[in-house]
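Here is how the chains run, residue by residue.
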Amino acid sequence: MSWLEPGPFLRGVAWRDGERPVRADPADLARLPWDIAERAALPIGVRVEFAAAPGTRAVELRYRAAVPAAGDPVRALRHGFALWRGPRCLAEVFAEPAEESVVRIGLPPGGGDFTVYLPEAQAPLVRALRPVGGALAPVPRRPRWLVHGDSITEGWWATRPARSWPATAGRTLGLDPVNLGYAGGARGELPLAEHLARLPGELITLAFGTNCWSAVPSSAPLLYETTRTFVTLVRRGHPDTPLLLLSPVLRPAAERTGNALGATLAELRTAMEEAVRDLMAAGDARLALLPGRELLGPEDLADGLHPDDGGHARIAAAVAAALREAGFVGRRGPVRPPREDVRPGV
């Protein structure tokens, strides 16, 4: 069987820089802080989805990826590929790290729709794929869900890419999550709001704020205005798109401790939530708020900041429930209201 072009099979792609999927507009990197531009080069959330015909014994992926150092204690796990069908992980395959290689992933009999999660941290680039026996076809595209946030959204301390909360909630809701989480970033950078405004999507979630306590400290009044401005800029490109803001989850060391400007995370969280409520009161009928403080307990944090697998699952369940409760998603994805329901002031 000849090799197939990967484009029709890739999901979670925001932009492309040449053939490589990236997570910020490559034509507008100069306005971004260097750390966000660096994280945006990693294809977090990009995966391969396909329908396998009955009789297809395996799928082969030809790919390029970074090779870990010889002394890396988990080198053998770096090029790991996970096969999922619906909510279940069926298998994991760990390829011998090489700059360019082919990995074969066995499929169960009977065919069906499958997802392969890639070794994100190694900056993989899928060059081609092909079936072993049988045939492969792209699955129908699902509604695109743009998810902006920090390292928690990016999936830190989840044991596998498929365990991050955007990936988990995306499977639950039948969406195509586009992961725009940037470790160390998501501090309310307004160019990123303009990137989001230009990026097509049927649903948006914003989940930032914890790095406004530490990485680039903010005061509560500043974060209130930043949140309003960020949402306003996103709305320039998505005036009617359902948008959920998730305020910062628990961070025990920051809750009652002032940052360099004297603001605690509790105060920053309150400022963000007040900004969203004020925008809703001003007429944004397609905006909803999920307060983050009570979603996790200390036992859900792997390092006092980032959730473990259980914590990611709890965030995913809460986000899915909030999107449903707001009427933003139904059985067939995002719900689009009649035009008159989304005009300001209605």
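Use the structure listed above.
Thresholds, definitions, all that
- Residues numbered from 1 in each chain as written.
- Predicted model: local features only at pLDDT ≥ 70, side-chain atom pairs only at ≥ 80, totals over all residues.
- Heavy atoms only, no water.
- 1 Å grid on protein atoms, 1.4 Å probe; cavity = no way out; pocket = protein on both sides within 12 Å on 5 of 7 lines; lining within 4 Å.
- Points joined across faces, edges and corners; volume = space filled by probe spheres on them.
- Helix = DSSP H or I, 4+ residues; strand = E, 2+ residues; numbered from the N terminus.
- Nonpolar A, V, L, I, M, F, W, Y, C, P; charged D, E, K, R; others polar.
- Contact = heavy atoms within 4.5 Å.
- Pairing = 2+ DSSP bridges.
- Axes fitted to C-alpha atoms, helices over the stretch in contact; angles between N-to-C directions.
- Expected span 1.5 Å × (residues − 1).
- Buried < 20%, exposed > 50% of the residue type's maximum accessible area, 1.4 Å probe, protein only.
- Polar contact = N/O pair within 3.5 Å; in protein donor to acceptor, adjacent residues only side chain to side chain.
- Salt bridge = Lys/Arg side-chain N within 4 Å of Asp/Glu carboxyl O.

K.L.:
Can you help me understand the layout of surface pockets in this one?
P.N.:
Regions of empty space are outlined by a rolling probe, equal in size to a water molecule, passed over the atoms. Roughly 1,100 Å³ of volume is contained in the largest pocket. Around the largest pocket, the lining is made up of 46 residues, and of these Tyr117, Leu118, Glu120, Arg160 and Pro161 lie nearest the centre. Breaking the lining of the largest pocket down by element, the ones donating at least two residues are strand E4 (47-52), strand E6 (80-85), strand E7 (88-94), strand E9 (112-117), helix H3 (165-173) and strand E13 (176-181). Counting residues per element, the lining of the largest pocket draws most heavily on E6, which supplies five residues. For the lining of the largest pocket, a count of residues per class yields 24 nonpolar, 10 polar and 12 charged.

K.L.:
Any chance you could explain the environment of Pro307 here in plain terms?
P.N.:
Its place among the elements puts Pro307 in the loop between strand E16 (287-290) and helix H7 (309-325). Placed 162 residues apart in sequence, Pro307 and Trp145 show a C-alpha to C-alpha distance of 21 Å. Every residue in contact with Pro307, bar those within four places of it in the chain, is listed here: Ile152, Trp156, Trp157, Ala158, Leu296, Asp300, Leu301, Ala302, His312 and Ile315.

K.L.:
Help me out: how do you make sense of the sheet that holds strand E15 (residues 243-246) in this one?
P.N.:
What links the strands of a sheet is backbone hydrogen bonding, and the strands pair in either a parallel or an antiparallel sense. Judged by pairing direction, the sheet is parallel, and its five strands sit side by side in the order E13-E12-E14-E15-E16 without closing on themselves. Edge positions in the sheet fall to E13 and E16, since each has one partner strand and no second. Here the average twist between neighbouring strands, direction ignored, is 20°. Direction of pairing for strand E12 (residues 144-149) relative to strand E14 (residues 203-207): parallel, over a ladder of five bridges. Counterpart to Gly149 in the pairing with E14 is Ala207. Contacts between H3 and the sheet are confined to E12, E13, E14 and E15, with E12 contributing the most and set at about 155° to the helix. Packing of H7 onto the sheet brings it into contact with E12, E14, E15 and E16, and relative to E15 it is tilted by some 140°.

K.L.:
Could you clarify how one ought to interpret H7 in this entry?
P.N.:
What sets the pattern is the α-helix's 3.6 residues per turn: residues three or four places apart point alike. In this model, H7 (17 residues) spans 24 Å end to end at C-alpha, consistent with the 24 Å of a helix rising 1.5 Å per residue. Residues of H7 that are buried include every one of Gly311, His312, Ile315, Ala316, Ala318, Val319, Ala320, Ala322 and Leu323, and no others. One side-chain oxygen of the residue at the start of H7 lies 3.1 Å from the amide nitrogen of Gly310, identifying that residue as Asp308. Following H7 by one or two positions, Gly327 has its phi on the positive side, about 80°.

K.L.:
For this particular structure, what's the right way to read the side chain of Asp72?
P.N.:
As for its placement among the helices and strands, Asp72 is situated in the loop between strand E5 (58-64) and E6. Overall, Asp72 belongs to the buried group, its relative accessible area being 17%. Side-chain polar atoms of Asp72 contact the backbone nitrogen of Val74, separated by 3.0 Å.

K.L.:
Honestly, the pattern of salt bridges in this entry has me stumped. Any pointers?
P.N.:
Should their charged atoms come close, side chains of opposite charge can pair. Applying the stated criterion across every chain yields a total of 26 salt bridges. The partner of Arg130 in a salt bridge is Glu60, with the nearest N and O atoms 2.8 Å apart. Of this pair, Arg130 sits in strand E10 (residues 125-132) while Glu60 sits in strand E5, and the two are 70 residues apart along the sequence. Within the structure, one salt-bridge network assembled from shared partners comprises Asp25, Asp28, Arg31, Glu194 and Arg198.

K.L.:
Teacher, can you tell me more about the pairing of E7 here?
P.N.:
Side chains on a regular strand alternate between the two faces of the sheet. When E6 meets E7, the two strands line up antiparallel, connected through six bridges. Across the sheet, the residue bridging to Arg85 is Arg88, located in E7. The antiparallel pairing of E6 with E7 creates a hairpin that spans two residues between the two strands, and Gly86 there sits at a positive phi of about 60°.

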